[in-house]
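Descriptive structure summary
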Amino acid sequence: MPEDTVQIDAFAMEISDVQTAELDQLYALSISVGWPHRAEDWQFLRETGKGVVATDEIGRIMSSAMWFRQAPDLATIGMVITSPRLQTQGAGLWLMDHALKDLEGVNLRLNATRAAQRLYLSLGFLPEKTVYQCQGVVTNPPDADRPVEGELRVLTDADREAAIALDAGAFGVARAPLMHRLFAVARGYGLFREGVLKAFALCRPFGRGHVVGPIVAGDDADAIAVLAPHLREAEGRFLRLDTHFSTGDFALVATGSGLSLFDTVLTMSKGKSLADFLAEGAHPPLTYALVSQTLG
């Protein structure tokens, strides 16, 4: 069992539940490492998953880690943050021990910064794919008269189950609780053919502006179709998109609209790989944009 208290450098650290942490302290922690999460973004994550924080003797939050059960056999790990003063001192490993203890026997995914990859490799995580963090002020979005094969419209609550099913085909499991939460805070566009949902994109407030994700589609053309109205609505404002696609028409439209490459992280897995969760069939749906680096 991981210890509830530990001495790290000159700090006596104590573990506690992220649910009891003050939001302004969580916000300060993410800002300290240059992450854009607002207090509202932390609260969304607390309502979606579990986590722990490490505090020093006077109650300051110095580190965090969160995890999210996407399905009984799959979880994602994220928000693993260590105050700059404690980095390389073992705080991240200590908090990951708590996460892994709670997730014993569950297949895991996470998106690792370059600084954290060595830690995750030591814990048995294996590299999968690069995530390209694209962001910027939207300029020159696709024209509204761009040809679309099918009916493109705003998603409603009546489309929620179809979106959950399409996302499950791309992600590998049905993550209904998360999708229900996203539908409550996001605006979505869906592409339909003969009344069947073929692609969708959700956009919600996050960080410096908004984030688009997930985007699920069968090919670049459909992914562009559901991304384009979000780009038009965000023209002149900050938008972020996290994707595994760095080439092809979808990537060209995103970067051509002002969402330039800002950073990369590495998707890693422990247990089953991403390929093990692929949907069967000749043309399964694909995740063109993640919900977030934390949630996958």
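Everything that follows concerns the structure shown earlier in this document.
Residues numbered from 1 in each chain as written. Predicted model: local features only at pLDDT ≥ 70, side-chain atom pairs only at ≥ 80, totals over all residues. Heavy atoms only, no water.

**Re the overall build of the chain**
Our working definition: Note on conventions: DSSP H or I runs of at least 4 residues are helices, E runs of at least 2 residues are strands, and numbering of each starts at the N terminus. Throughout, the radius of gyration refers to the C-alpha atoms, and the reference size of a globule is 2.2 Å times the residue count to the power 0.38. Note on exposure labels: buried denotes an accessible area under 20% of the residue type's maximum, exposed denotes more than 50%, and partly exposed covers the range between, all computed with a 1.4 Å probe on protein chains only. Note on contacts: a residue pair qualifies if any of its non-hydrogen atoms lie within 4.5 Å across the two residues. Note that accessible areas follow from Shrake-Rupley with a 1.4 Å probe, and for residues the cover is restricted to the protein chains shown. When charges are counted, Lys and Arg contribute as positive and Asp and Glu as negative, whereas His and the chain ends are disregarded. Lys charges are placed at NZ, Arg charges at CZ, Asp charges at CG and Glu charges at CD.
A tally of regular secondary structure across the chain gives eight helices and 14 strands. What you see for the chain is a C-alpha radius of gyration of 19 Å, in line with the 19 Å of a compact globule of 296 residues. The 296 residues of the chain split such that 52% are buried. Here the contacts in the chain between residues at least 6 apart in sequence split such that 74% fall between residues at least 24 apart. Put simply, the chain shows about 13300 Å² of open surface, and 52% of that area lies on carbon and sulfur atoms. Looking at charge distribution, the chain has the averaged site of its 26 positive side-chain charges lying 1 Å from that of its 36 negative ones.

**Digging into the pairing of strand 11 (residues 209-217)**
Here is the rule we go by: Think of it this way: DSSP has to see at least two bridges between two strands before they count as a pair. Here a crossover is taken to be right-handed if, once the strands point away from the viewer, the path from the first strand over the helix to the second is traced clockwise.
Most of strand 11 is tucked away, with eight of its nine residues classed as buried. With six bridges connecting them, strand 10 (residues 196-206) and strand 11 associate as antiparallel partners. Following the sheet pairing, Phe200 is matched in strand 11 by Val216. Between strand 10 and strand 11, which follow one another and run antiparallel, lie two residues, and Gly207 among them has a positive phi close to 55°. Both strand 11 and strand 12 (residues 238-243) contribute to a ladder of three bridges, which runs parallel. The residue of strand 12 that forms the bridge with His210 is Leu239. Following the backbone out of strand 11, through helix 7 (residues 220-233) and into the adjacent parallel strand 12, one traces a crossover that is right-handed. Taken together, the three bridges between strand 11 and strand 14 (residues 286-289) define a ladder with antiparallel strand orientation. Directly across from Ile215, in strand 14, lies its bridge partner Ala289.

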